[in-house]
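Architecture and fold: a report
Listed below, chain by chain, are the residues.
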Amino acid sequence: MQKKFLLAVISLAIGLGAMWDAAAQAKPEDQVKQRKAALTLIGKYFGPIGAMAQGKLPYDAAVVTRNAGYLEALSKMPWDGFTAATADFKETRAKPEIYKEMDKFNAAAEKMQAEVVKLSAAAKAGDQKAVTVAFGEVGKSCKACHDAYRKD
Amino acid sequence: MASDAPSSTIQRVHVWDLATRVFHWLLVGLVVFLFISGKTGGNLMLWHSRAGALVLVLLVFRVVWGVIGSSTARFRAFVVGPKQVWVFARQLLGISTRHTVTPAEGAATTVMGHNPLGGWMVVVLLLLLTIQVSTGLFANDDIAMEGPWAVYISKALSDRLTTVHRWNQWILLGCIAIHLLGVAFHVFIKKENLISAMISGVRKIDGSVQVSVLRLVSTWIALLVFVLAFVVVGFVVQPIF
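Residues numbered from 1 in each chain as written. Chains lettered and ligands numbered in written order. Predicted model: local features only at pLDDT ≥ 70, side-chain atom pairs only at ≥ 80, totals over all residues. Heavy atoms only, no water.

1. Some remarks on the state of the cysteines
All names here are of chain A. One pass over the structure, following the stated rule, counts zero disulfides over all chains. Cys-142 carries a free sulfur, and the closest cysteine sulfur to it, the one in Cys-145, is 8.7 Å from it. Under the relative-accessibility criterion, Cys-142 is labelled buried at 12%. (Disulfide = S-S within 2.5 Å. Buried < 20%, exposed > 50% of the residue type's maximum accessible area, 1.4 Å probe, protein only.)

2. A look at the confidence of the model for chain B
Residues and elements named next belong to chain B. Averaged over all residues, the pLDDT of chain B is 88; the fraction at 70 or higher stands at 89%. Across chain B, the element-wise mean pLDDT spans from 50 in helix α5 (residues 103–106) up to 97 in helix α1 (residues 18–40). Across residues 1–5, where pLDDT falls below 50, the model places four contacts with residues more than four positions away in sequence or in other chains. A low-confidence stretch, residues 105–109 (pLDDT under 50), is modelled with 12 contacts involving residues beyond four sequence positions or located in other chains. (pLDDT = per-residue confidence, 0-100. Helix = DSSP H or I, 4+ residues; strand = E, 2+ residues; numbered from the N terminus. Contact = heavy atoms within 4.5 Å.)

3. Looking at the packing of α1 of chain B against helix α7 (residues 155–189) of chain B
All names here are of chain B. Relative orientation of the contacting elements α1 and α7 amounts to 140°, with a least axis distance of 13 Å. Taken as axis vectors, α1 and α7 run oblique relative to one another. The hand of the α1/α7 crossing is left-handed. Counting all contacts with α1, which are made through His-24, Val-31, Phe-35 and Lys-39, the residues of α7 involved are Gln-169, Trp-170, Leu-173, Ile-176 and His-179. The residue makeup of the contact of α1 with α7, split by class, is five nonpolar, three polar and one charged. (Axes fitted to C-alpha atoms, helices over the stretch in contact; angles between N-to-C directions. Parallel < 35°, antiparallel > 145°, perpendicular 65-115°, else oblique. Left-handed = near helix turned anticlockwise from the far one by under 90°. Nonpolar A, V, L, I, M, F, W, Y, C, P; charged D, E, K, R; others polar.)

Below you can see the structure in the form of structure tokens.
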């Protein structure tokens, strides 16, 4: 009986702990960290594809395919970090307009994810020319948001 | 431009050498392309940086040509003091000056090359373009493009210079708008077609005006300067070409 009670207390504690974690994740500073981290990694894995598309680095199909695959996952990660709770946060270049135009912002984020999917498909198909084209379109989709929703 | 006056009273003066005209229109084309590609992004960014480097070539050429070039291209011929600019501006708008206009000042209305106001606009535009090109060399777009010299400085500094690059484009655009308004004023109100003169090099001026002798320097020398500027810039900004 006592054992069962102890077990219940422990599981309750773990459960509460898990809930606490979930609540902590939603703190604005963590959301800002989350999206910055995701966007930093996107930059890291997108950069070499750009250098190869522009002929600044020799084309390495394996690296392009791997990076594009990473980007498919990473491109999904920043967006739920953009919530109205972070609007007043100082350490971000995200403009508060985002939270007034959530529909437009989300549409732009989806556009970017769609372009990344195309990039990854082109990489998997081993089509260097298509990769170059897709790289440009992903870059444009990045720029669309940077121009509209990022402070200088 | 047909004129009512008999042709004998119109003199055709060759004011702009070929080099200055090619410089001008090449720059126009590049600036238009640079604005469009800068706004579009994507794969045009590679061409944006190449076009920017070409503007640097043109700037180097123009500065050299401003010292050794034809008389109308030289800075000494069109960069004048504030008093001359003031007197010229009043004359242009038909406001009488308080003092008697001396022959030297009077000549300002019929200068063959850049007038005192236009001359300063040349200087301002060249300076703004220099700022734009040099910040571009260090800029980054946080996507997959950076200027060839961005690797030599910190990311924070590169970001700051990128901000200058972004702001200066609007200052540049504003000054280009003023430049165009000035040209429009001459074309539509003063009835002097500066645009055709910048295309053909020839200005039609009333026969009664005393024209000072203009010395045009050979286009071959200009070509040599341009090639040298191209080689120097190409060498310094290596990763682009």
